[in-house]
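Summary of the model geometry
One-letter residues, chain by chain:
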Amino acid sequence: MIVGKVVGSLFSTRKSEKLVGNKFMIVEPVTSMDGAGDRLIAIDIIGAGIGEYVLVAQGSAARVGCDMADAPVDAAIVGIIDEGQDWSK
Amino acid sequence: MIVGKVVGSLFSTRKSEKLVGNKFMIVEPVTSMDGAGDRLIAIDIIGAGIGEYVLVAQGSAARVGCDMADAPVDAAIVGIIDEGQDWSK
Amino acid sequence: MIVGKVVGSLFSTRKSEKLVGNKFMIVEPVTSMDGAGDRLIAIDIIGAGIGEYVLVAQGSAARVGCDMADAPVDAAIVGIIDEGQDWSK
Amino acid sequence: MIVGKVVGSLFSTRKSEKLVGNKFMIVEPVTSMDGAGDRLIAIDIIGAGIGEYVLVAQGSAARVGCDMADAPVDAAIVGIIDEGQDWSK
Amino acid sequence: MIVGKVVGSLFSTRKSEKLVGNKFMIVEPVTSMDGAGDRLIAIDIIGAGIGEYVLVAQGSAARVGCDMADAPVDAAIVGIIDEGQDWSK
C-alpha cells in the first residue's frame with residue numbers, strides 16, 4: 001500500500017455500470033512514498049475528505065478486497081491515516 | 001485508475017481471437033498522473049472519442065471488470081471524465 | 001497493453017516444463033509507449049517475426065488470456081499491428 | 001520480492017474492517033533493489049522490528065499468500081533477512 | 001518476463017511457513033531489460049547458479065505458475081538462458 005493525500009475528486013457520468021455509486025478521489029502519493037507526486041484515481045470505501053492522508057491499496061487487492069470483485073477498479077482508499085505524523089517530507 | 005487523453009487508435013488484423021470485436025485506443029496519461037506521457041493501449045467499453053479524457057483501469061481489473069475474464073487484456077477505458085476540469089496541467 | 005517491436009528471440013533449454021513449446025520473443029516498447037526502450041520477454045501466440053510491431057499484454061492477462069493459466073508467463077504477444085502507422089517516433 | 005528496511009509504522013483508526021488487527025509497517029527498499037528509496041506500506045505477518053531488513057512480497061501474493069485473500073492488502077513482510085549481509089550499499 | 005543475472009542469494013530463518021524449502025536468489029535485470037540494474041528477489045525452481053542468466057516471471061505468474069498458488073511469492077526463476085547470447089550490453 002502507499003500513503004497519499006486526497007487532493008480532489010472527479011466525476012464520470014458515462015462509465016461502466018459496475019462503477020455506479022462510487023466516489024472517485026484523486027490521490028497524490030506523499031514525497032517519501034513509491035510513486036511520489038504521480039497522482040492516481042482511487043475509489044473511496046471509507047469516506048475520506050480532501051486534504052486527508054489515506055492508505056491506498058492497488059491492483060486486485062482494491063477490487064477483491066473491497067467487495068467489488070467484478071468491477072473495473074484497480075485502486076482504493078482503504079484507510080485514513082491517524083493524525084500526528086508528518087507526511088510532508 | 002488513471003486519467004488519460006485518447007490520442008488515437010490502432011488496428012490489428014492478426015490477433016488473439018478473444019480480442020476480435022474490440023477497439024484498441026491509444027491513451028496518454030495526463031501530466032499530473034502516474035505514468036504521465038507514457039502511452040498505453042486500452043480496449044474501450046464505453047465509446048470514447050479521440051480527444052476525450054477517460055478513466056483507465058489496469059491489470060486484472062480491465063479483464064475481470066469488463067466481462068472479458070478470459071481475454072488477454074490488461075487495460076480498459078471504463079469511464080469518460082465529465083467536462084469542466086482542466087487536465088492539461 | 002503496449003506496442004513494441006520484436007527485436008530478437010531467446011532460447012532456454014532448462015526451463016519450467018510448463019513453458020515447453022513456447023517461443024520467447026524479445027520485445028522493445030516503442031518510444032511513445034509506457035516502458036519505452038526497456039525490453040521484455042513475451043511468449044508469442046500469434047507468430048510474429050523479427051521487426052514486426054506487436055501488441056503485448058502483461059500480467060495475469062498474458063497467462064489467463066492465452067489459455068496458459070497454470071504457466072509462469074507474465075507477458076504475451078497477442079496481436080500484430082497492421083502496417084501504415086509510424087511507431088518510430 | 002524485494003529487500004527493504006523497516007523504518008517505521010503507521011496507525012489508521014478508520015479503515016476497512018478487513019484490515020483490523022494488522023500492523024502497518026513503513027518499509028524502504030534498499031539501495032540495490034527495485035524501487036530503492038521509494039517507501040511502501042506492508043502488513044507484517046512475521047513480527048519485524050524497526051531497523052530490521054525484511055523480505056516483502058507485493059501484489060496478489062501478499063493477499064493470497066498470507067491467508068488474507070479477501071482483504072485489501074497489496075504488500076506484506078513475509079520474512080526477516082538473516083544478519084551477516086551488508087544491504088546498505 | 002525479464003532476463004537477469006543471478007548475483008547472489010539470501011537467507012531468511014524467520015519467514016512465512018509457506019516459504020520453507022525455497023531458495024531465494026538475488027537477480028539483477030540486464031542492461032537492455034525493463035528494470036535494468038534494479039535487483040529483485042526470486043525463488044528458484046530450476047536450480048540456477050550465481051552468474052547464470054535467467055528468465056524471471058513476476059506477479060501472479062510466479063505463484064500460480066510454479067505450483068505455489070498459496071505462497072507469498074511474486075517472482076520466480078523459470079528458465080536458464082542458453083549460452084551464446086551477449087547480455088552485457
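Quick caveat: nothing in here was measured; it's all calculated off a predicted structure. (Residues numbered from 1 in each chain as written. Chains lettered and ligands numbered in written order. Predicted model: local features only at pLDDT ≥ 70, side-chain atom pairs only at ≥ 80, totals over all residues. Heavy atoms only, no water.)

A short note on the interface of chain D and chain A
Listed per partner, the contact involves 28 residues of chain D and 27 residues of chain A. When chain D packs against chain A, close to 2000 Å² is buried across both sides, 53% of that on carbon and sulfur atoms. Ranking the residues of chain D by area buried against chain A places Arg14(D), Pro72(D) and Asp74(D) at the top, with a combined share of 28%. Summed over the shared surface of chain D and chain A, the number is two salt bridges. In this structure, the salt-bridge partner of Asp67(A) is Lys18(D), at a minimum N-O distance of 2.7 Å. (Contact = heavy atoms within 4.5 Å. Buried area = accessible area lost by both parts, 1.4 Å probe. Salt bridge = Lys/Arg side-chain N within 4 Å of Asp/Glu carboxyl O.)

Considerations on the relation of the copies chain D and chain A
For these two chains of identical sequence, chain D goes onto chain A by a turn of 72° and a shift of 0.0 Å along the axis, with RMSD 0.0 Å. Those values place the two copies in the arrangement expected of a five-fold rotation axis. Looking at the interface residues of chain D, only 4% of them are also at the interface in chain A, so each copy uses its own face. (Least-squares fit on C-alpha atoms with pLDDT ≥ 70 in both.)

A few points about the environment of Ile26(A)
Structurally, Ile26(A) can be placed in strand 3 (residues 24-29). Residue class for Ile26(A) comes out buried when judged on its relative accessible area of 5%. Taking the C-alpha atoms as reference, Ile26(A) lies 8.4 Å from Lys5(A); in sequence the two are 21 residues apart. Setting aside its immediate chain neighbours within four residues, Ile26(A) contacts Lys5(A), Val6(A), Val7(A), Gly8(A), Ser9(A), Arg39(A), Leu40(A), Ile41(A), Gln85(B) and Trp87(B). (Helix = DSSP H or I, 4+ residues; strand = E, 2+ residues; numbered from the N terminus. Buried < 20%, exposed > 50% of the residue type's maximum accessible area, 1.4 Å probe, protein only.)

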